[in-house]
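Examination of the molecular architecture
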Amino acid sequence: MAWWKVVLFLALEVVVESSVSVNSFEDYKDAVKAFESTSIGETAGTLSIDHITVAGSEPNKPNVGVICNIGGNRLSAVALCLDLIESARGTGGKLAPLLESHNIHVLPNLNADGSKKAYVDVNKGKENGDGVVLETSFPDLRNSEEVDTSNYPPEIKTVLEFLESEQFNLLLTIDSEFEGIFFPLFHSDDPESEGTLIHNIMKGVAKNATKESETLLNSACWMPANQGFHYFSEPGTLEDYTYLKYGIPVYRVGVSCSVGADTHNLPLYEGLIATLISSASLGARGRVTPPGSDSGMEKVRVACEKHVTYTNNGGYYWLPLPDGEGHDLSYTYGPYNPVTVTGVPVKFGSAAIPDVTLGNIDPVPREHQHFTELNSTLHSLHKEYPDITHLYSIGKSVEGRDLMVIAIGLHPDKHTPGIPEFKYVANMHGNEVVGRSLLVSLARLLLQNYNTDPYLTSLVKTTRIHLMPTLNPDGFEVAEVGQDQPGNIGRNNAHNIDINRDFPSRFDLDADAERQPETKAVIDWLSNTPFVLSANLHGGSLVANYPFDDTESGQSGARKDSPTPDDELFRNISRVYASNHPQMKLGLDCGGNKVEFPDGITNGNHWYAVTGGMQDYNYVVADCFEITIEQGCNKYPPGSDLPIYWANNRVSLVQYLAAIRHSVIGWVGTEDGAVIEGATVHVEGSSKTVLSQKQGDYYRLLTPGKHVIWAEKGEMRSKQVEVEVEDYQVMYNFTLYTNTSKWNESEVAIFDPPVPVPAPEIIIPSMVSDRIVVLEEDEQDKGVEVILSVQGGGDVGESVTVVINGKEVLKMGETKGVVDVSEPSTVEFISTSFYRAVKFLSGEENSVTVTLHRMPLSLSYHNHNQLLGVIDDVIKSCPGVTSRYDIGHSAKGEVMRVLQMGKGSQQIKLVGGIHGNEAVGRESLINLVQYLCTASTTDDLVGKLLENLDIHFLPSMNPDGFAAGVYDVDDPTSQITTGRRNGADVDLNRNFPDQFQDSEVDLQPETSAIMNWTMSHNFTTSISLHGGSLVACYPYDGREDKSTAPGYSKSPDDTVFRYLASSYAKAHPTMWRGDKICDGDQFTGGISNGAEWYPLYGGMGDWNYLHCGTLEITVEMGCTKYPKEDQLLRMYRDHYWSLITHISNSRQGFAGVVADSAGDPIVGANISCPELGLDVVSGSGGMFWRIAPEGSYTFTVTAEGYSPHEHHYVVGQVDWGQLPQPTKITLFLDGDSNDQIENRKAQEKVRQRAAAVIGLVVLVSTAIAIVYYLRKRKRDARSKQDIEYRGLINTDSEEE
């Protein structure tokens, strides 16, 4: 250790006399008495638990708690707490100014029993008076939110009551035996805590506070700021309890290496603790009031993501938040409509102040209503809102009860062309009752908030909404409360017929067969009303169920899907409901033990077969897209449970209703202006058609995205057009022609519908059905002006979504707009027809120009010569950042050419086409390199990638196979293998040496080329692009037992591989779902361990990893291996951002240099990290790279002739969308004594001086030589002139 470190260490450990002298328990009692302490409870040994209010309890200030000496013998912590109080009440310290802006409460000695023993013998007193170690005895909330504390020690019960009564915004615990700052969690069983808002606050504040005590960094017991579990792994801590219970920042501060009362040093810690306390002011504060009153509301829940606080003391709240723009705060309390405040800006040192008034009373259902009461309620609603409601009956039940419907809309009593029809039907099974109460509450929600809530108002104005609370009133009247009554009493109608088995089957649409009156009523209702979207509300499970419900055989078989032509659309709308339900989206069975319904949805027949169901009839006969929603496992819960069902379903009910906007609507007519009834409207890719209505209006629900549609009737047909459906309805009017040659005329008559078109209201909420409060303009920064331009010219022509730091903030419909950026941010511009553009803004710009690069309109395959031509063209277009080289030849002699892009030192590679018939990856890489070239000077992310990385693209590893491949279009899941193997009929992805195989492999020329290429470079990551499924796979591909049966085969870097694979899948629009695709493949999160899917041996990925340390993932890019050319563009669009994300994430982790004590680089040093797996080796210049997700790591560096060195470091969180920057480390290895090092440094100085002298001599000698040469030339010229003048020579002679 250097001499100055020794001196500093001794200085820190020297006994420092505290300003409050406490050397015995009696001294302590005298001190707290002088501070006018109060007792809030007693210890196990009946000593007082003292409470000192340093600053009062003003309602508009944040509350800070300080609890000292939980460990009992931490006497230095007690002394420091008393000194803090003394300093805060003075005038010269750093804490005194905080009293004006904070309420501070201190418990200076929680474990008074232990301290009393420790003042006598410092090695004693770690337990309380009953022998309990308090530090790890607090309730453990990791597995349960509620804990019975009746048997807990009295000190703990007192603290829990203290926390509950004071409602702190920040808590400090003061400890000793270490120096530093830790924050939750202190037990490692909850990795989800990392990355949350509160976690980011604590991490940032702890690091800032550390800077206030930089002299402590050299203390022998200093520990860097981090989560506690990295050092302790203690369950049952006060810090974890407080963090998990109240969601506030909590810090444990160590103030001394020793526990003795006189071993702390307040001046070293005063600034640090002042910084921690002042951080309670970081965030949002305000006051919440009820509607129509100025009195504050207590216990209102204020939340931002998972970060929660509650109002108290007159309605005031304080919610800590990290620096940044765009925080969304939600306010909820009991029956009141919640409020959301969007875009709250937070800056360190000042707080945003949104004061909020809660919305109207939320119509929470609280009891079941029988038929008479239900009817009375519906009539009351109609009477109260006569202009926007219509009450009618579609028929009668077996026992004569009306089947009542309340319609809500601008024109509730009739169908209005241009306004789509929506319906909810509940209580089809009389003993499944939840839906009937929820529909009454939904009606109240829509009506009571009409003209006050913009979003709900827009739904009422643009949709005719039909709500039928009960289709089986007779069954309900005999059903009883309970989960499942014997014999399902009340399930069937009064004729004991299951109505949901009574509709005509899609395989036998004999509507004239004898039907129940309830069934007939619905059939007539559907024939008279052109419903577009519907849901049937049931009970008994928790899932959204979509058609078809049966197969032609009528049997579900082995849980087999029975898809409609609109299967993806049904999945999409089912997810709309399920994803907004807090439990349904988990997909658990009713026992909560396993995932039965991924994403909370299921195909009906896959679950169980139903013949004669209502949802299939709606779709097949009535052109209405209906799903069945099971709203809970208890079919008939008690009325007291209804508020819970409403809370869980409220948002889902509104969101599903709003999904009707995902449609194209319009009219069908002739060129003469006549409307056409009964025209069929077609969608490319679906055999399902819908019909135009009496006045020519049509409605077609679609998935968001682009679709080709057309209409026809008889011999008349319209032109095919492409429409794009987003979060609102798209209108298109069809003109039908008998003479289709008119399609090509420059001007075509456009059908103008005779019915006025309702103006659509497009309002997109931050949380559906919640009221929205937006900060006034003067509360926000003016922002940065953004100007959109198109590379190569032209108009943007579509809306562009602006995303700031991963959060969507606005849509730009023009070429100019303003984004609110006041600090360094990643801003993305996302559209349909252009590549995603990225700008890294500092927040100080006044105006920026964003260049959008247009996506190709179509893609086609390139033969091998064309591929080589593309590479040459890219090099010509981007000469400064590109080059090419060949790594070998295929079995048939085709060159294997690599395009190299970038100027950085970190090398990565991307390989396409190892199987020649899996062609999407090959073409994707060809198009990607062209885009990277054109965007290299205009896009910030692309520019940084090429500046920091050395990227090697091998688009075609198997050119022979590609040349032999054939389109695989007739059956997207077929296993056509033509072209899969190389020219020698060998599968290249089974041709590499394998760790689990003993036999030697006859290496193919392509395999040898890849191996030599990889071993001659230092690739950190790699990706191999395949086809045949949709998943990102990672090693190992083989199993140690050499089995061919699927089974997880974990590599040492499993965590890193999962990170890379997940990052790819999450950036893909659908891969992350892991849906059942490609003949039943299903992958959680869109990723899979290779061997867990199916084992293979001799694969390229395993060889890359084991022999070269290259982290390679394998991506299956789609079900169709060799798709038709018209599918290429869609598949490339889906994957290009995932590819860029993967390239970007190659920068996540560490970049370092290994050097000796003199600073000379060490080549060949071994860097091992137990958390990461395989070791890496330093290369040229001592450089090394290591991919690592966010987390804490320990490196051990070894090199021959040097002593090992251990280094601790933390990899920070990735800024989503921005190029991750690796953590740079210089690791010094000592192998020599200090004298040898000094001698070597002296020798180096001599060498440098000698080199300087030699350089100077060379420079002077060169200068003398130049002068001599110039003078000689001058003399020669003069001599030549003299001779010419005398006529003695001929100047034209060859001699001269």
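What counts, and where the lines are drawn
- Residues numbered from 1 in each chain as written.
- Predicted model: local features only at pLDDT ≥ 70, side-chain atom pairs only at ≥ 80, totals over all residues.
- Heavy atoms only, no water.
- pLDDT = per-residue confidence, 0-100.
- Helix = DSSP H or I, 4+ residues; strand = E, 2+ residues; numbered from the N terminus.
- Contact = heavy atoms within 4.5 Å.
- Buried < 20%, exposed > 50% of the residue type's maximum accessible area, 1.4 Å probe, protein only.
- Core = buried A, V, L, I, M, F, W, Y, C linked by side-chain atoms within 4.5 Å.
- Salt bridge = Lys/Arg side-chain N within 4 Å of Asp/Glu carboxyl O.
- Pairing = 2+ DSSP bridges.
- Axes fitted to C-alpha atoms, helices over the stretch in contact; angles between N-to-C directions.
- Disulfide = S-S within 2.5 Å.
- Polar contact = N/O pair within 3.5 Å; in protein donor to acceptor, adjacent residues only side chain to side chain.

**Section: the confidence of the model for the chain**
Looking at the chain as a whole, the pLDDT averages 80, with 80% of positions reaching at least 70. The element-level mean pLDDT for the chain is lowest in strand S34 (residues 771–774), coming to 29, with strand S20 (residues 464–468) highest at 97. Across residues 745–750, where pLDDT falls below 50, the model places seven contacts with residues more than four positions away in sequence or in other chains. In the model, residues 755–781 has pLDDT below 50 throughout and makes 68 contacts with residues more than four positions away in sequence or in other chains.

**As for the environment of Leu-1106**
Here Leu-1106 lies in helix H25 (residues 1100–1108). Assessed through its relative accessible area of 30%, Leu-1106 is described here as partly exposed. Here Leu-1106 is in contact with Gln-995, Tyr-1036 and Leu-1174, once residues within four sequence places are set aside.

**Here's the deal with the nonpolar core**
For soluble globular proteins, nonpolar side chains are generally found buried alongside one another. Ranked by internal contacts, the top residues of the largest apolar core, which has 84 residues, are Met-901, Leu-910, Leu-928, Tyr-931, Phe-953 and Val-1115. Top contributing element to this core by residue count: helix H26 (residues 1125–1145), with nine residues. Ignoring any residue separated from it by four or fewer positions in sequence, one finds Met-901 in contact with Val-874, Val-881, Thr-882, Val-929, Leu-932, Cys-933, Leu-946, Leu-949, Asp-950, Ile-951 and Phe-953. By size, the runner-up hydrophobic cluster in this structure holds 77 residues, among which are Ala-31, Val-66, Leu-84 and Ile-174.

**Quick look at the pattern of salt bridges**
The full count for this structure, using the stated rule, is 34 salt bridges. In this structure, Arg-74 and Asp-175 form a salt bridge, with 2.8 Å as the shortest nitrogen-oxygen distance. You can see Arg-74 sitting in the loop between strand S3 (63–68) and helix H3 (75–88) and its partner Asp-175 sitting in strand S5 (residues 170–175), a full 101 residues away along the chain. According to the relative accessible area criterion, Arg-74 is buried, its value standing at 7%. On the basis of relative accessibility, which here comes to 8%, the residue Asp-175 falls in the buried class.

**What about helix H11 (residues 454–462)?**
Within H11, seven of the nine residues are buried, which leaves it mostly tucked inside the rest of the structure. What H11 keeps buried is the set Tyr-455, Leu-456, Thr-457, Ser-458, Leu-459, Val-460 and Thr-462. Tucked into the core, H11 has its buried residues touching strand S18 (402–408), helix H10 (434–448), S20 and helix H17 (642–658).

**With respect to the sheet that holds strand S4 (residues 103–107)**
Spatially, eight strands are ordered S1-S2-S4-S3-S5-S8-S6-S7 in an open sheet, and the strand pairing comes out mixed. At either margin of the open sheet sits one strand with a lone partner, and together these are strand S1 (38–42) and strand S7 (222–227). Going across the sheet, the axis of each strand differs from the next one's by a mean of 15°, ignoring polarity.

**Describing the state of the cysteines**
For the structure shown, the criterion picks out three disulfides. With a sulfur-sulfur separation of 2.1 Å, Cys-590 is cross-linked through a disulfide to Cys-633. Its torsion about the S-S bond being -95°, the disulfide of Cys-590 and Cys-633 is classed as left-handed. Placement of the pair is Cys-590 in the loop between helix H14 (567–579) and strand S23 (601–603) and Cys-633 in the loop between strand S24 (625–632) and H17, with a sequence separation of 43 residues. The class for Cys-590 is partly exposed, based on a relative accessible area of 44%. In this structure Cys-633 comes out as partly exposed when scored by relative accessible area, which is 24%. The partner cysteine of Cys-878 in its disulfide is Cys-933, sulfur to sulfur 2.0 Å. As the torsion about the S-S bond is roughly 100°, the Cys-878-Cys-933 disulfide counts as right-handed. Taken together, the positions of Cys-878 in the loop between helix H18 (864–877) and strand S42 (882–889) and Cys-933 in helix H19 (residues 920–934) put the pair 55 residues apart, joining distant regions of the chain. No difference in accessibility class separates Cys-878 from Cys-933, as the two residues are buried.

**Quick word on the side chain of Asn-948**
With respect to the helices, strands and loops of the structure, Asn-948 is situated in helix H20 (residues 940–948). A residue is classified by how much of its surface remains accessible, and Asn-948, at 19% relative accessible area, is buried. Engagement of the side chain of Asn-948 in a polar contact is seen with the side chain of Arg-1147, the distance being 3.1 Å.

**Side note on the side chain of Asn-1089**
Within the secondary structure layout, Asn-1089 lies in strand S48 (residues 1087–1089). Under the relative-accessibility criterion, Asn-1089 is labelled buried at 0%. In terms of polar contacts, Asn-1089 uses its side chain to reach the backbone carbonyl oxygen of Pro-1035, at 3.3 Å.

**Digging into the pairing of strand S22 (residues 541–546)**
Most of S22 sits out of view: six of its six residues are buried. By the alternation rule, side chains of S22 split into Ser-541, Val-543 and Asn-545 and Leu-542, Ala-544 and Tyr-546, which are all buried. Sheet topology note: the S22/S24 ladder contains five bridges and is antiparallel. Across the sheet, residue Ala-544 finds its bridge partner in S24, namely Ile-629. Of the strand pairs in this sheet, S22 and S23 are connected by three bridges, and their pairing is parallel. Of the residues in S23, the one forming a bridge with Ala-544 is Ile-601.

**Description of the sheet that holds strand S46 (residues 1019–1026)**
In spatial order, the strands read S42-S43-S45-S44-S46-S49-S47-S48; together these eight strands make up an open sheet with mixed pairing. What marks the edges here is a single partner per strand, and that holds for S42 and S48. Direction aside, neighbouring strands of the sheet carry axes that sit 20° apart on average. Note that strand S43 (residues 895–901) and strand S45 (residues 949–954) share three bridges and pair antiparallel. Along S45, the bridge assignment pairs Met-901 with Ile-951. Contacting S43, strand S44 (906–912) and S45, H20 runs over the sheet at an angle of about 95° to S45.

**Focus on unusual backbone geometry**
Of note, the bond from Pro-547 into Phe-548 is cis; its omega dihedral lies within 30 degrees of zero at -5°. With omega at 0°, the peptide bond leading from Pro-1035 into Tyr-1036 counts as cis. Take Tyr-1036: it is sitting in the loop between strand S47 (1029–1034) and helix H23 (1054–1067). Positive phi is not limited to glycine here, since Asn-427 has a value of about 60°. Here Asn-427 shows up in the loop between strand S19 (421–426) and H10. Residue Asp-599 is not a glycine yet carries a positive backbone phi of 65°. Within the secondary structure, Asp-599 sits in the loop between H14 and S23.

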